[in-house]
Each structure stands twice: as structure tokens, then as C-alpha cells.
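Residue strings, one per chain:
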Amino acid sequence: MTPKEFNDSIKRGEFKRVYLLYGEERYLVNHYAEALAAAIGEPDNFDSSTPAAGIIMAAENLPFLADMRLIRVRDSRLFASGRKAESEAMTAYLPTIPDTTVLVFTESEVDRRGRLYKKVAELGGAVDCETPSPQALTTWLARIFNEKGKSIDPAAANILIRNAAHNMTTLTQETQKLAAYVGKRPTVTTQDVEDICSPTLQTRVFDMIAAIANGRTAIALDMYHNMLLMKEQPLMILAMIIRQLRIILMVTAASDKRMPKAQMAKTLGLRSFVVDEALSQSRRFTINKLFKALSNCQDIDSKVKTGLINAEIGVELLIMQ
């Protein structure tokens, strides 16, 4: 079931007996769960501490003073490894859910090869909440600002989306800040975004690595020092550099095999915009240069953790290397 099909069915008041809401965009997972609650009523809530038998027992109960009963199970881990027997029991039960019950699982970890996932998909209720495209996010932002009596310049929206690392929860928080910041002015501009919306650490590391790859070491060092002024920890920055270099290496290898971008994201477990950033940066690196950079990272990491060098100085040396 696509997100559009989900939204359309909710508007029509047509509910599946069971839903699985999962995927990289947690904002959408929660948004769709709340849409079900708004249409049906407040749910009975369960989590991974509840055995499958307890969820099944609750699903069998008739609703009280209502037409339907909504049950929400958060991060049950029934769709991942570790609860095989209970997962099998739930798989067997799903086709028999009463017409008066709607069961929704909101999961962080899902194995789509598992029998339980396949059963939910067969029953029509599996919704993959992927991060929308930049174009879709721009449209969504325009609607959010319109609800606040504002508009946003397209260029400002693009900067805001990238600063927030395409995260819809962060974007929601930033729209609230911007609406308050512009006051009675009707339009949010690029300058407004630059004034009060700081890029995430992930975005700043993207930009720093791009500067390094282009030979702009002084600019990269300035970026690093600005991160320190913003109280980012050197070891966290180092970890993010290592992560990004590994992603660039994996994306480069996948690209060499002519793997489509969408498949890269699925195979590597990455957001689509991360793949786009990595592909852009991969053009500035050779495979040998990436391996050398990762070797330097590991060397600095080892020296910092064994006390041979200060963390702040170590990352600075790494950037210069």
C-alpha cells in the first residue's frame, strides 16, 4: 500500500484490519498512526514488552461504546529477528482479526523477507514511509507555511530542506521558528533561513568533506572550528567523517556496478538524499584516495582513544592530511 492509497482509504473510511507503518521517515510513521486515531478513536497502546498472546487477546475484545477499536503496537520487534515463535503466532492470527478491530504496528526495524511482513502486505496494510523527494518536501513546506498565513521562497525552502537533512520532524520545528521570527511579514526568505536555521551536524560534515575533496583545506578547517564553537564534540565529528567516507566508498562501488540510485538506498539502508550527496562527492575521490582517507581516520581514532593525541587536534590534523 502506498502512502497515497493509505490516505485515500482513510478519507473514505475504509480500514484494513491490520497496518504496518515503517520506514526511514519517522514523522510520517507517527503522522499516519495519528490519522488512524483521528478517524477511529484513541488507541489502546502496547509495545515490545507485551507478548503476542496479549495483543491477540486485546484484538479479540469488542469495542466499548464505539463502532471500532484501534490497537497500536510500537516497536514490537515481531517483524525482526528474536521473537520467531511469537511472530509465527501473529502471522497465523492476522487473517482472523474481527471486523471491529484495527491493529496497527509502528516499527523501527522490519525484515521484509519475514512471513509476518508478507502476511501484512498480503492483507494490504504495509506502508513504507520513505522520505519524500525534495520536490514533494517543498510542496509540503509551502502547505505548512500557508496554514500559518505565510509563504516561503522556493530557494529558501531548498536551503531549509538541506539544512534539516531532509528530516520532516526537524523541518516541522524549523517552520515554527521561522513563522515566529518573521512576525507579520508574509514571506520567509533565504536570509531568514540563514539567520536562524542552523544546518544539522550531518549537513555540515557533508559540506566539510566536499571542501576537503576540492582541496579547500582552509575552508574545511573553518567549518570544523565553527562546529567546535557550536559545542559539537570532536569524536562525534570524527565518527561522522568516517561514516560519510564509508558511505561514499559503498556508493562508489555500487555505482561502478551500475546499480540504480533507488536500489542503492534500499540495499545500503540509506536515505535517498544521502545517496545523492555521496554520489556527488564520489566524483571527487578515487577508490584509493577513499581507502587512504579511511586509514588516516582509523589511525587518528586509535591515537585519540589511547591518549596519544588530543581529540580536537587529531581531527584538525586529519583534515589537513
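These numbers were taken from a predicted model, which means no experiment stands behind them.

All right, on to the environment of T50 then. Mapped onto the secondary structure, T50 falls in the loop between β2 (44–46) and α3 (52–60). Note: C-alpha distance between T50 and S76 (26 residues apart in sequence) is 7.9 Å. When residues no more than four places from it in sequence are discounted, the contact partners of T50 are I55 and R83.

Applying the stated rule across the entire model yields six aromatic pairs. Between Y22 and Y117 the ring centres are 5.9 Å apart and the planes differ by 90 degrees, which places this aromatic pair in the edge-to-face class. Taken as a pair, Y22 in strand β1 (residues 18–22) and Y117 in helix α5 (residues 115–122) lie far apart in primary sequence, 95 residues in all. Like Y22, the residue Y117 is buried in the burial classification. Relative to F105, the ring of F79 lies with its centre 5.2 Å away and its plane at 70 degrees, an arrangement referred to as edge-to-face. Note that F79 is positioned in the loop between β3 (69–74) and α4 (84–93) and F105 in strand β4 (residues 101–107), a separation of 26 residues in sequence. By the burial criterion, F79 is buried, and F105 matches it. Three or more aromatic residues link up through ring pairs in this structure, and these residues are F6, Y19 and Y32.

Of the pockets and cavities examined, the largest pocket occupies roughly 630 Å³. Around the largest pocket, the lining is made up of 26 residues, and of these E24, A265, K266, G269 and L270 lie nearest the centre. The element best represented in the lining of the largest pocket is helix α13 (residues 261–268), accounting for four residues. Of the residues contributing to the lining of the largest pocket, the split by class is 10 nonpolar, eight polar and eight charged. As a volume, the second largest pocket reaches approximately 540 Å³.

What counts, and where the lines are drawn
- Residues numbered from 1 in each chain as written.
- Predicted model: local features only at pLDDT ≥ 70, side-chain atom pairs only at ≥ 80, totals over all residues.
- Heavy atoms only, no water.
- Helix = DSSP H or I, 4+ residues; strand = E, 2+ residues; numbered from the N terminus.
- Contact = heavy atoms within 4.5 Å.
- Phe/Tyr/Trp six-rings, centres within 6.5 Å; stacked < 30°, edge-to-face > 60°.
- Buried < 20%, exposed > 50% of the residue type's maximum accessible area, 1.4 Å probe, protein only.
- 1 Å grid on protein atoms, 1.4 Å probe; cavity = no way out; pocket = protein on both sides within 12 Å on 5 of 7 lines; lining within 4 Å.
- Points joined across faces, edges and corners; volume = space filled by probe spheres on them.
- Nonpolar A, V, L, I, M, F, W, Y, C, P; charged D, E, K, R; others polar.

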